[in-house]
Amino acid sequence: MRSARHVLFVALAGHGHVTPTLPLVEELVQRDHRVAYATAVDFADVVTGAGAQWVELPPMAQFRPPAQVGPDLIAFWFRHYFAAMRATYPVLLEYCRTARPDAVCYDVTNWPARLVAHRLGMPAVRLIPNLAENDAYSLDDRLTAGLDPDHPQMAALTEDCARFSSEYGVDLDVAGTMNVTEAVNLVFIPREFQPAGDSFDDRFHFLGPLLGRREQQEPWFPPDPHAPVLYISLGTIFTDNPAFYRTCIEAFGGGPWQVAMTIGDLDRAAIAPVPPGIDVRPRFPQPAVLRHARAFISHAGMNSTMEALYYGVPLVTLPQMPEQDANADRVVELGLGERLAVDTLTPDTLRQAVSRVTTDEQVRANLERMRRAIHDAGGAERGAALIEDRLA
């Protein structure tokens, strides 16, 4: 039996970044390791609920993107996120100098944790809740499409990196804020979903989605146990779109489906009236709903995509940003669902897409293959063992 160690997790913000790590935290705690988790106050309760000690990071200023995401907005977001990350560096450095964790497990977007770990000679594990990258496949190329180094925001980001490097005595450029491979990289998708999956070397470990105890912690059951369930969610960010929700209501109100639809903090009055059979809430316990769902209309965020595939639920995707574009494309390539565009959506096209993905035998067979791949990927138990190997 291995001795108990102190492991620091770092993920500043974002449900899609924090949530997939929690089963890994729970597994390490169950193995008697001491886990600390550095994140913003919004996630303090969930990380302590998983058994970790909360380490407070400065909050990130709220940023709600518009419905259309283009290169200029992506460039603005890079600088916005850099400012948030920059503020975490001295906090993490002080914590690690004082507490001396035995290893640092950090979210792929949280480059300050990488710099701190390397500066102090601590083993580091990179956590990737999205598509991984190497020489054969680059998600960053999609994110930066249409941007060149002369773009005003990108030029300013280069200057941001130079100032940071000078202030803290480190070497950081724009590329260093994006994709730097570690000796151990844990990817929260199955290799079969990863584009160019066979090209990734043994530094990359594809664990599949990590759901942990979330379904049991937040149960949900359909009001009618016999009627088919349709789940609709655009995640937690892109919810300011009443026209989309009204299209869904027109498409499925009064039909055979019982609909569970999340609208985030959108005012319900903006989509009224809502007919019987459509349950509208700010949020639903997603894993529990997906266990019962026959189809999922989704923004194709990776967390949502993986949870749907875990339960074998076909997807109708409406991606809102480049990363979601990549996920939606992969869903179509692998025959796991369809892709539609929000700006050309009609009730009829939405109904037809849901009908096709729920009746196509090939889609059903593809979903079953992916479910087996997810089951065989190893999940949180394999991830915890790999972290223990890194500690050793």
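Located above this text is the structure these notes cover.
So, a few notes on the structure that sits alongside this text. (Residues numbered from 1 in each chain as written. Predicted model: local features only at pLDDT ≥ 70, side-chain atom pairs only at ≥ 80, totals over all residues. Heavy atoms only, no water.)

For the structure shown, the criterion picks out 19 salt bridges. With its nearest N and O atoms 3.0 Å apart, the salt bridge here joins Arg283 to Glu218. With Arg283 in the loop between β10 (278-281) and α10 (286-292) and Glu218 in the loop between α8 (214-217) and β8 (229-233), the pair connects residues that are 65 residues apart, well separated along the chain. Among the residues examined, Glu218 registers a relative accessible area of 34% and is labelled partly exposed. A network of salt bridges, in which partner residues are shared, links Glu27, Arg31 and Glu388. (Salt bridge = Lys/Arg side-chain N within 4 Å of Asp/Glu carboxyl O. Helix = DSSP H or I, 4+ residues; strand = E, 2+ residues; numbered from the N terminus. Buried < 20%, exposed > 50% of the residue type's maximum accessible area, 1.4 Å probe, protein only.)

Another point: the packing of helix α4 (residues 71-99) against helix α5 (residues 111-120). The relative placement of two packed helices is expressed as an angle between their axes plus a distance between the axes. Their axes nearest at 8 Å, the elements α4 and α5 cross at an angle of 30°. The angle between the axes of α4 and α5 places the two elements in the roughly parallel class. Crossing geometry of α4 relative to α5 is assigned as right-handed. Between α4, through Phe82, Met85, Arg86, Thr88, Tyr89, Leu92, Leu93, Cys96 and Arg97, and α5, the contact on the second element is made entirely by Trp111, Pro112, Ala113, Leu115, Val116, Arg119 and Leu120. Grouping the amino acids of the contact of α4 with α5 by side-chain chemistry returns twelve nonpolar, one polar and three charged. (Axes fitted to C-alpha atoms, helices over the stretch in contact; angles between N-to-C directions. Parallel < 35°, antiparallel > 145°, perpendicular 65-115°, else oblique. Left-handed = near helix turned anticlockwise from the far one by under 90°. Contact = heavy atoms within 4.5 Å. Nonpolar A, V, L, I, M, F, W, Y, C, P; charged D, E, K, R; others polar.)

Before going further, it helps to spend a moment on the sheet that holds strand β6 (residues 185-187). Read across the open sheet, the seven strands follow the order β3-β2-β1-β4-β5-β6-β7; overall the sheet is parallel. Only two strands of the sheet have a single partner each, and these edge strands are β3 (53-56) and β7 (204-206). Sheet twist, expressed as the mean angle between neighbouring strand axes with direction ignored, is 20°. Pairing analysis gives three bridges linking strand β5 (residues 124-128) to β6, with the strands arranged parallel. In the strand pairing of β6, Leu127 is matched with Leu186. Helix-sheet contacts for α4 involve β1 (6-10), β2 (34-39), β3 and β4 (103-107), and the interaxial angle to β1 is about 175°. (Pairing = 2+ DSSP bridges.)

This part covers the sheet that holds strand β13 (residues 337-339). Taken in spatial order, the six strands line up as β10-β9-β8-β11-β12-β13 in an open sheet, and their pairing is parallel. Unpaired on one side and paired on the other, β10 and β13 mark the two borders of the sheet. Put simply, the sheet's adjacent strands are angled 15° from each other on average, direction ignored. Looking at chain direction, strand β9 (residues 258-262) and β10 are connected through four bridges and run parallel. Bridged to Met261 within β10 is Val280.

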